[in-house]
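Each chain, written out:
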Amino acid sequence: MNDLLDRANDMGANRYIDTRGAICEPVAFTQAVIDGLAPGGGLFVPQEIPHLPLEEIVSLAELPYPARAAAIYRAFNIDITDDRIDQLMDISYGDNFDTPEVCPIVSLDGDMHMLELWHGPTSAFKDMALQCLPNFFGESASKLRSEGALDEEFCILVATSGDTGKAALEGFKGVEGVSVGVLYPDGGVSDIQRKQMVTTTGDNVHVWAMRGNFDDCQTMVKRIFADDAYAEELAHAGYALSSANSINWGRLLPQIVYYISGYAELVKSGAVAAGDPIDVCVPTGNFGNILAAWYAKQIGVPIEMLMCASNENRVLTDFINTGTYDISSRDFVLTPSPSMDILVSSNLERQLFELTGRDGEAISGWMADLNRDRAFKVDKETFARMRNAFRSDSITNEECLAAIKRVFDEQGYLMDPHTAVACCVAENLKGQNPVLIASTAHWAKFGDNVYRALHGLRPGEALPEEVACLTGCQLNELIAEETGKQDIPAGLAGLDSMEPRFTEVLEADKQATEAAVSAFVSEQR
Ligand SMILES: *Cc1c(COP(=O)(O)O)cnc(C)c1O
């Protein structure tokens with residue numbers, strides 16, 4: 001009854017402001033999820049960050065994972081009823097994951113603890129957020145619809161370099177009132193990644209290959225989003241465009257959960273005494289995952305140091321070590337960890353907003369500098385706060401592959417290249433505290449580089465002929481045989497025998513792409 005009264009209207013719920021101080025009226029969680037980006041280009045953050053006492057954090061280990069997540073969502077006081085949160089969490093973290101633990105911890109030598117975030121349907125950590133966000137998106141849309149604040153359906157357009165596309169397809173498939181279309185670069189993703197996408201089932205999904213590289217795909221999506229005439233045309237068909245990228249607060253919140261849950265697990269297993277500090281090491285690209293760890297610390301998890309692990313695209317390492325973010329003369333490098341190959345790290349804006357004590361004016365200025373000069377420099381005080389919270393290091397492609405081999409040879413644990421970057425950085429920066437390492441993909445998603453690592457081949461070196469001719473699945477079977485690691489996830493192991501559903505290749509042409517999107521949404525009716 002109390003609960004009903006508390007939530008009889010949303011007036012008591014936490015509201016969302018933006019990082020550039022552009023919106024006048026803070027919005028509800030459901031609105032922030034639907035909008036994604038704030039008007040004015042800033043990112044949404046909650047007005048209030050909850051604080052949980054240590055006992056409450058530790059006692060989460062007694063609950064199943066969906067209930068832990070529901071407890072954190074309730075602490076954030078979102079404008080969805082408690083019962084409904086419970087239901088959505090049960091759907092988000094049920095048997096779509098291959099273990100009821102959802103993200104188990106595997107402890108390695110030297111007080112290093114792997115938080116395995118890849119037990120979801122696509123075998124990469126993006127499932128942790130993208131199995132959850134779509135349920136909140138659907139819920140938010142139907143809430144706004146029932147309030148008469150919305151009458152269209154959504155078409156989510158995603159450009160992908162590999163991992164995000166499949167995770168978005170799996171997350172949004174079957175969600176009421178939403179259709180999802182993915183563009184990937186033709187020839188620019190691995191055999192496994194392509195097959196994962198083009199075999200996706202479900203009526204509300206579509207996948208297109210596009211001639212060009214990832215940047216061409218991303219530019220195309222941006223151009224379509226900026227085309228007002230096209231938006232009007234879609235509106236006539238009853239659709240609005242939306243995106244599911246990692247700047248959506250609805251993708252960040254599910255990521256905070258696993259750091260809180262992870263600490264509770266470490267206490268439960270006896271690896272850490274309640275209240276003792278840990279460090280967290282995260283393989284970083286868009287800064288979403290590590291930012292979630294920073295929020296977990298604000299909520300009360302005894303995290304001392306956040307370690308930001310970069311590959312050869314080391315813009316974040318240089319930024320954390322110097323206070324200057326500079327991409328004016330930086331080349332984009334291809335690495336064995338492609339999901340961390342970035343120049344502009346979009347969630348960093350949220351981190352800076354928090355580190356400046358929520359100074360929207362400062363953020364607007366730096367983002368304008370970045371736009372104009374391809375660089376910005378933070379003030380002394382912000383730099384000092386950043387140095388207080390973060391350490392960072394970057395790893396070469398050679399070091400990454402060497403780490404995969406070393407940890408396998410010495411400890412029998414097989415890592416993917418993204419996890420290997422974090423593992424290496426954790427070794428370099430480790431102090432007294434136990435380190436929780438975010439393990440972000442199953443090794444079988446990146447079989448070619450795992451093979452190179454295990455056989456002492458150089459990064460980018462051609463595979464031997466008899467290996468190069470294998471499909472991604474066959475290569476994984478070979479690695480499984482050689483290593484005894486027979487845990488290839490079902491979603492990856494069966495790809496060769498599945499019929500491709502989507503074979504269309506689009507030219508990187510706006511009209512052609514818009515026509516393809518229109519044809520897709522008109523089939524949805
Ligand atoms: C997306 C991704 C990352 C980077 O995460 P961010 O939140 O963008 O920093 C790391 N590893 C894998 C496997 C990923 O897919």
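As a reminder, the structure under discussion sits directly above these lines.
Residues numbered from 1 in each chain as written. Predicted model: local features only at pLDDT ≥ 70, side-chain atom pairs only at ≥ 80, totals over all residues. Heavy atoms only, no water.

Visitor: In this structure, what is going on with the sheet that holds strand β1 (residues 15-18)? I would like to understand it.
Guide: Sheet strands line up and pair through hydrogen bonds in the backbone, either parallel or antiparallel. In spatial order, the strands read β2-β1-β3; together these three strands make up an open sheet with antiparallel pairing. Every interior strand has two partners, whereas the edge strands, β2 (27-28) and β3 (44-46), have only one. Direction of pairing for β1 relative to β2: antiparallel, over a ladder of two bridges. Bridge assignment links R15 to a residue of β2, and that residue is A28. The strands touched by helix α15 (residues 348-355) within the sheet are β1 and β3, with β3 carrying the most contacts at an inclination of about 45 degrees. (Pairing = 2+ DSSP bridges. Helix = DSSP H or I, 4+ residues; strand = E, 2+ residues; numbered from the N terminus. Contact = heavy atoms within 4.5 Å. Axes fitted to C-alpha atoms, helices over the stretch in contact; angles between N-to-C directions.)

Visitor: Sorry if this is basic, but what is going on with unusual backbone geometry here?
Guide: In this structure, D111 is a non-glycine residue whose phi angle is positive, near 60 degrees. Structurally, D111 is set in the loop between β4 (105-108) and β5 (112-116). The phi dihedral of R374 is positive, around 60 degrees, even though this residue is not glycine. You can see R374 is positioned in the loop between α16 (360-373) and β13 (375-377).

Visitor: Would you mind showing me how to read the sheet that holds strand β16 (residues 505-506) here?
Guide: Reading across from one edge, β9-β6-β7-β8-β16 is the order of the five strands in this open sheet, with parallel pairing throughout. The two strands at the open ends of the sheet, each matched to only one other strand, are β9 (239-242) and β16. With four bridges joining them, strand β6 (residues 153-159) and β9 adopt parallel strand pairing. When the bridges of β9 are listed, I156 appears paired with S242. Packing of helix α10 (residues 214-225) onto the sheet brings it into contact with β6, β7 (178-185), β8 (205-210) and β9, and relative to β6 it is tilted by some 150 degrees.

Visitor: Before we go on, may I ask you to explain the packing of aromatic side chains in this structure?
Guide: Describing an aromatic ring pair means giving the distance of the ring centres and the angle of the ring planes. Tallied over the full model, the rule gives 18 aromatic pairs. When the ring of F137 is compared with that of F172, the centres are 5.9 Å apart and the planes differ by 80 degrees; the resulting orientation is edge-to-face. In this pair, F137 is assigned in helix α7 (residues 133-146) and F172 in helix α8 (residues 163-172), connecting sequence segments 35 residues apart. Across the pair, F172 and F137 agree in class, each one buried. (Phe/Tyr/Trp six-rings, centres within 6.5 Å; stacked < 30°, edge-to-face > 60°. Buried < 20%, exposed > 50% of the residue type's maximum accessible area, 1.4 Å probe, protein only.)

Visitor: Sorry, what's going on with helix α19 (residues 417-429) here?
Guide: The α-helix advances 3.6 residues per turn, and as a result positions three or four apart in sequence lie on the same side. If you check α19, its first and last C-alpha atoms are 18 Å apart, about what 13 residues at 1.5 Å a residue would give, namely 18 Å. By the criterion of burial, α19 is predominantly enclosed, with ten of the 13 residues buried. Regarding α19, the residues found buried are P417, H418, T419, A420, V421, A422, C423, C424, V425 and A426. (Expected span 1.5 Å × (residues − 1).)

Visitor: Sorry, what's going on with the nonpolar core here?
Guide: Generally speaking, soluble globular proteins have nonpolar side chains that are buried together. If you look at the biggest cluster of nonpolar residues, it comprises 115 residues, and the most contacted ones within it are F29, Y73, I78, I256, Y259 and F376. Considering every element that reaches this core, the biggest residue donor is helix α12 (residues 249-268), with twelve residues. Grouped together as the second largest cluster of nonpolar side chains are 44 residues, M307, F408, C473 and I488 included. (Core = buried A, V, L, I, M, F, W, Y, C linked by side-chain atoms within 4.5 Å.)

Visitor: I keep staring at helix α22 (residues 472-483) and nothing clicks. Help me out?
Guide: The end-to-end C-alpha separation of α22 is 16 Å, in line with the 16 Å expected for twelve residues at 1.5 Å each. By the burial criterion, the buried members of α22 are G472, C473, L475, N476, I479, A480 and T483. Angular distribution of buried residues about the axis of α22 spans 160 degrees; they occupy a single face of the element. Tucked inside the fold, the buried residues of α22 contact α9 (191-198), α18 (397-411), α20 (447-454), α21 (465-468) and α23 (490-493). G484 occupies a position one or two residues after α22 and carries a positive phi of about 75 degrees. (Arc of directions from axis to C-beta.)

Visitor: Can you help me understand the packing of helix α14 (residues 315-322) against helix α17 (residues 380-389) in this one?
Guide: Relative orientation and spacing of two packed helices are given, respectively, by the angle between their axes and the distance between those axes. α17 packs onto α14 with a crossing angle of 115 degrees between their chain directions and a minimal axis gap of 8 Å. For the element pair α14 / α17, the angle class is roughly perpendicular. Where α14 approaches α17, its residues F319, I320, N321 and T322 are matched on the opposing element by F383, M386 and R387. (Parallel < 35°, antiparallel > 145°, perpendicular 65-115°, else oblique.)

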